[in-house]
Amino acid sequence: MNQLAILGGSPRFSSDLPVGQLYFPSWDRYEAAMRGIFERRYYTNQGPLTNILEETLSAFFGVKHVVVVTNATLGLIMAAKALSLQGKVIVPGFTFIASVQSLTWAGIEPVFCDVDIDTHGLHPASVDSLIDKDVSGILAANLWGGACAIEELQEIALKRGIKLYFDSAHGFGVEAFGRKLGGFGELEVFSFHATKILSATEGGCICTNDDTIAARLRNMRSSYGAGPPVDVPLTSNARMSEAQAAIALMSLEDFESNVENNRLQGAAYSRALADIPGISLVRVDRDCKSNYQYVVCRVDEQSFGLTRDQLLLALKRENVNVRRYFYPGVHRSVPYNESFSENSIGLPNTDKLCAELFQLPVGALVNVDIATAIGELIGELSENAGEIRGRLSQ
Ligand code: T4K
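Structure report, in brief. (Residues numbered from 1 in each chain as written. Predicted model: local features only at pLDDT ≥ 70, side-chain atom pairs only at ≥ 80, totals over all residues. Heavy atoms only, no water.)

As a further point, take the packing of helix H11 (residues 308-317) against helix H14 (residues 368-383). Contact pair H11 / H14: the axes reach a minimum separation of 11 Å and the direction vectors enclose 125°. In this view, H11 runs oblique relative to H14, as classed from their interaxial angle. The handedness of the crossing between H11 and H14 comes out as right-handed. Facing H11, whose interface residues are Leu311, Ala314 and Leu315, H14 presents Leu377, Ile378 and Leu381. (Axes fitted to C-alpha atoms, helices over the stretch in contact; angles between N-to-C directions. Helix = DSSP H or I, 4+ residues; strand = E, 2+ residues; numbered from the N terminus. Parallel < 35°, antiparallel > 145°, perpendicular 65-115°, else oblique. Left-handed = near helix turned anticlockwise from the far one by under 90°. Contact = heavy atoms within 4.5 Å.)

Pasting the structure below:
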């Protein structure tokens, strides 16, 4: 058996295995699509491919309007403005920092709320307790190919007369509560970053069934206007280019097979990790039709023998580039850590998840054999935990 890299052996994998999807079309398909764009000489600002993408996605999601954008972060910023949110908005601390930054860019104060330990999404009772006269909305996140307590949050928003919208950056193609994500709340924002199941290299979209919100978003997206003008507070440039739209359309053709690949890889991890003490796969998508976009793991230091961060370091030496999303929680990240007060509201579930979770590679650069080998490698690391700890303390 090869010696572990952290103990002086050579890396188990010859090249880097990243956490994210990276499913891309073949060079031939890409070349043909780019040839078409160059022949038309129309590169951005609602070109033909962008229009086709919006129509195709509208049918895919089963929503009235899809507004494609150059990335989900800008989509979230525009969403806050299009919804005329003011004052404060409730948001999880357990999310990618872009969710919260979007509020700050829109001039809104984030109110951090704890998450449910099972769904990893906003905890409805905690949300309810944080609503006061200054709170105008709730921004909930649907993580890891699963969904948060959408229906309970919807009831709270309705009862308290505030707006609910979703950061569904991880949720492309996910079905929850009997229908696809995309049509819940006032709107939902999806990411088409290269590390997501639907990729446009960078990209994203906003889904809504509301004509007014859609018209506002379309005006805000393009600094010199596209479509009939409506009253908006600010404009931006969040246009999707034709090259991005072409890649998204090809990625959409491959969506079902990519989801199936991910599912098989997740199942291989599950088998390989089953008997290793202190490691468990975390599934927040049991009640959903998932896109299997992330393989989320929890490590228990006592039974595994290494801390989460020692394990990550050892895997990194083997070229397994796992991530610890989301560490630290956004409430403990700059600039929010300066004003977050431990005494006001605690976020115990958030802090626990931030300390224990990590995400394994899944997607185009992985296959079932590689997932199995990574699982077995984690077992070897546990068996050699004492020696590894000793080496790390030198
Ligand atoms: N809301 C939520 C809940 C989100 O998770 C995100 C983004 C957003 C909103 C905002 O969406 P966008 O504005 O990004 O559309 C990543 C991604 O940059 C980010 O999109 C994602 N979530 C977040 C969870 O993770 P990093 O810094 O960990 O990823 P990055 O780019 O380093 O890639 C991961 C690994 O993949 C690295 O090992 C390098 C490798 N890689 C990456 C890219 C892009 C490649 O080998 N090739 C590539 O082209 O943040």
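Okay, the sheet that holds strand E5 (residues 135-141) next. Taken in spatial order, the seven strands make up an open sheet running E2-E10-E9-E6-E5-E3-E4, and their pairing is mixed. Bordering the open sheet on either side are strand E2 (65-69) and strand E4 (109-113), each of which pairs with just one other strand. Direction aside, neighbouring strands of the sheet carry axes that sit 25° apart on average. Where strand E9 (residues 188-191) and strand E10 (residues 204-208) come together, four bridges link them in antiparallel fashion. From the neighbouring strand, Glu188 faces E10, where its bridge partner is Cys207. Of the strands in this sheet, E2, E9 and E10 touch helix H2 (residues 48-61), which is tilted by about 130° from E2. (Pairing = 2+ DSSP bridges.)

This brings us to the site of the ligand. For the ligand, the set of nearby residues contains 23 residues, the closest of which are Thr73, Asp167, His170, Arg323 and Tyr325. Within the side chain of Tyr325, a nitrogen or oxygen atom sits 2.6 Å from an oxygen atom of the ligand. Protein contact buries 75% of the 900 Å² of open area that the ligand shows by itself. Going through the elements one at a time, helix H3 (72-82) and helix H4 (97-105) are the ones with two or more residues in the shell around the ligand. (Near = heavy atom within 4 Å. Polar contact = N/O pair within 3.5 Å; in protein donor to acceptor, adjacent residues only side chain to side chain. Areas by Shrake-Rupley, 256 points an atom, 1.4 Å probe, with all protein chains shown as cover.)

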